[in-house]
Amino acid sequence: MASCLQGGVAALLALVSPVLHADDWTDDIQVHGFMSQGFVKTTDNRFFGDSDDGSTEFTELGINASFRATPSVLLSGQLLSRRAGDMYDGSPVIDYALVDWTISNTPEHAYGVMIGRSKNPLGLYNDTRDVAFTRPSIFLPQQIYFDQVRNLILSADGLQFYGRLYDEQGTFSLNLGVGSSPVDENVEISFLGSDYGGDVESGDPAIIARGEYETRDGAWRFSLSAAKVNLSFDAAPADPIGSGEIDLLYWIASVQYTAERWSLTAEYMEEPIEFNGFGPLVDNRDSTVQGYYLQGSYLLRDDLEWVVRYSEGFTDKDDREGTQQSAATGGFVPPHAFYRKDWMVGLRWDVTPSFMLRAEYQWNDGTWTLPRRENPVPSATVQDWEMFSLLASYRF
Amino acid sequence: MLYPRPISFPKRLSGVLIALICAFSAYADPVLIAHPAVGMRDVSLNSTRLIFSMQLAQWPDGGPVRVYVLPDDSEVHRSFAKDLLSLYPRQLRRVWDRQLYSGTGQAPEAVADPVEMRQKVANTPGAIGYLPSEMIDDTVQVLSIR
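Since the structure is predicted, the reported quantities are computational estimates derived from the model, not experimental observations.

Analysis parameters
All residue numbers refer to position in the chain's written sequence, counted from 1. Chain A is the first chain written and ligand 1 is the first ligand written, with later ones labelled in order. Whole-chain, interface and lining totals are the exception, using all residues; otherwise, since this is a predicted model, local features are given only for residues with pLDDT of at least 70 and side-chain atom pairs are given and counted only at 80 or more. The way it works is that DSSP assigns letters per residue, a run of H or I at least four long becomes a helix, a run of E at least two long becomes a strand, and they are numbered from the N terminus. To assign burial, the other C-beta atoms lying within 10 Å of each residue's own C-beta are counted, with C-beta atoms placed from the backbone; 20 or more indicates buried, 12 or fewer indicates exposed, and intermediate counts indicate partly exposed. In this description, strands pair whenever DSSP reports at least two bridges between them. It is the C-beta atoms, placed from the backbone, that decide contacts: two residues are in contact if theirs lie within 7 Å. An axis is simply a line fitted to the C-alpha atoms; with a helix, the fit covers only the stretch in contact. Between two such axes, the angle follows the N-to-C directions and lies from 0 to 180 degrees. What makes a nonpolar core is a set of buried Ala, Val, Leu, Ile, Met, Phe, Trp, Tyr and Cys residues, with links drawn between C-beta atoms within 7 Å. Per residue, pLDDT measures the predictor's confidence, with a range of 0 to 100.

1. Considerations on the overall build of chain B
In terms of helices and strands, chain B carries five helices and six strands. Helices (α) and strands (β) of chain B occur, in sequence order from the N terminus, as α-β-β-α-β-α-α-β-α-β-β. Counting over 146 residues, chain B shows a buried share of 36%.

Structure below.
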């Protein structure tokens, strides 16, 4: 694993070395990284491993390198290893690898384009969601930032255009990306309910957009972001469903207010999903997923922060109790698997600027967003469950 | 004609008071500095914020900007962020982290203390940083914020 990371960094540096020209080019290269280790204990159900017995199957490692070739050209790449229970085994993946060309950059505006694999700027947290220092809690609110299909909206291979306008009051920025999104078995299982013989693949290019306004003093942030994704499923002969397409539009409205010692954050997400061509078993599953949360944080001391959050989420906003969806499965899947409401309280201690400890407790009603892979028998899940988690994180 | 009434403090005591006030404000208000060859005397508040947010990477002449900062928990950094930029150090950190870990920007270079700050800014073409005013000497160019 370590040699793989080193190899990746060496490869990245080798890639950029032919364009090095100035004598002091090493000043233009930066290498940074992070490592986090978590512990999860749940009263019932499984989340990130055998959490009902206490699980340490939550590890995040990342290393990145960037090279400012000229004031307007930046090359950057990050390798990420993520171990998360039965869902992710820690195999290193390229989190992003891009060339960022700032075509124009003045005190009034900036615009440019990123070419390669770039992170999707969705909501307040998606683009750095695996860096514990940038998250508000050990786990992001799952009702919006689902772990189960994270790769689908995490990044895209293609182009991302950006523009920023600066004025005396603040900054307005706009990002527009076009590219293909990586698809894995977690995507297939969560959308189609099972790992069939056929495969789900990325269909038409995904379109990602975000508009954001931030006041000059950094106190207010407003953003509206969306990803339009098309997936195609090529059925194998033995599959009980036909080949079809899934279209989804994932959008988030976000607002955040930051004062010197406290902050308030709210995000609202909807995701209409359409199934076409699979046959009657699947095609009538069209629904709109809904999720939202309100979060407050308070600095007790400069190095100690409290966070409280209430979140709700539903697989179908027109059936928030889950009763119709449960009935459609003949009761095989209980109603509580179609929603989740939870309270969370947490404490963050910045022991040093680069080392952080966190502890959190969560009270849940409902089991939606618990990975199907880790909880294969829906009727065996427990509706009311609690979760305690710890995290240690270091960065450089 | 209105003249202020003469101050009735003994001259010596008022001298001490002025010295105290100066010492205090020097501590509370760091001064923006740059490498002497940057060739500017002043810079707009907007540009200063963008430069320290790592979003403006070049000087008007096209040369690269190199940003130096003191540690987040240093008093001088705090006062620089709050008094000169009207930002909390946590907000600056959030902006840097977001760019650094999404591959869209680089982090400023951290120096250990004001002595190293002065040495780096004096010797790095395109450098910008800040210092408590009592540490300014002719190796660095003071920039006023307009």
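2. Regarding the sheet that holds strand β4 (residues 109-110) of chain B
Residues and elements named next belong to chain B. If you trace the six strands from one edge of the open sheet to the other, you get β2-β6-β1-β5-β3-β4, paired in mixed fashion. On the outer flanks of this sheet lie β2 (42-43) and β4, each paired with one strand and no other. Here two bridges tie β2 to strand β6 (residues 141-145), and the two strands are oriented parallel to one another. Following the sheet pairing, V43 is matched in β6 by I145. Strands in contact with helix α5 (residues 114-123) are β1 (31-34), β3 (66-69) and β5 (127-131); relative to β5, the strand with the most contacts, it is inclined by about 150°.

3. Structural notes on the nonpolar core
Generally speaking, a soluble globular protein has its nonpolar side chains buried in company with each other. Ranked by internal contacts, the top residues of the largest apolar core, which has 75 residues, are A227 of chain A together with I33, A34, I51, V65, V67 and V121 of chain B. Excluding its chain neighbours within four sequence positions, the residues that come into contact with I33 of chain B are V121, G129, Y130, L131, I136, V140, Q141, V142 and L143 of chain B.

4. Observations concerning the confidence of the model for chain A
Across chain A, the average pLDDT comes to 91, with 94% of residues at 70 or higher. Scored below 50 in pLDDT, residues 17-22 of chain A shows two contacts in the model against residues more than four places distant or in partner chains.

5. Notes on the pairing of β1 of chain B
Residue and element names in this part refer to chain B. Judged by which residues are buried, β1 turns out to be covered on both faces: V31 and I33 on one side and L32 and A34 on the other are all buried. Two strands pair when backbone bridges link them, and β1 and β5 are joined in this way by four bridges, in the antiparallel orientation. Looking across to β5, one finds that A34 is bridged to I128. As paired elements, β1 and β6 share three bridges and run antiparallel to each other.

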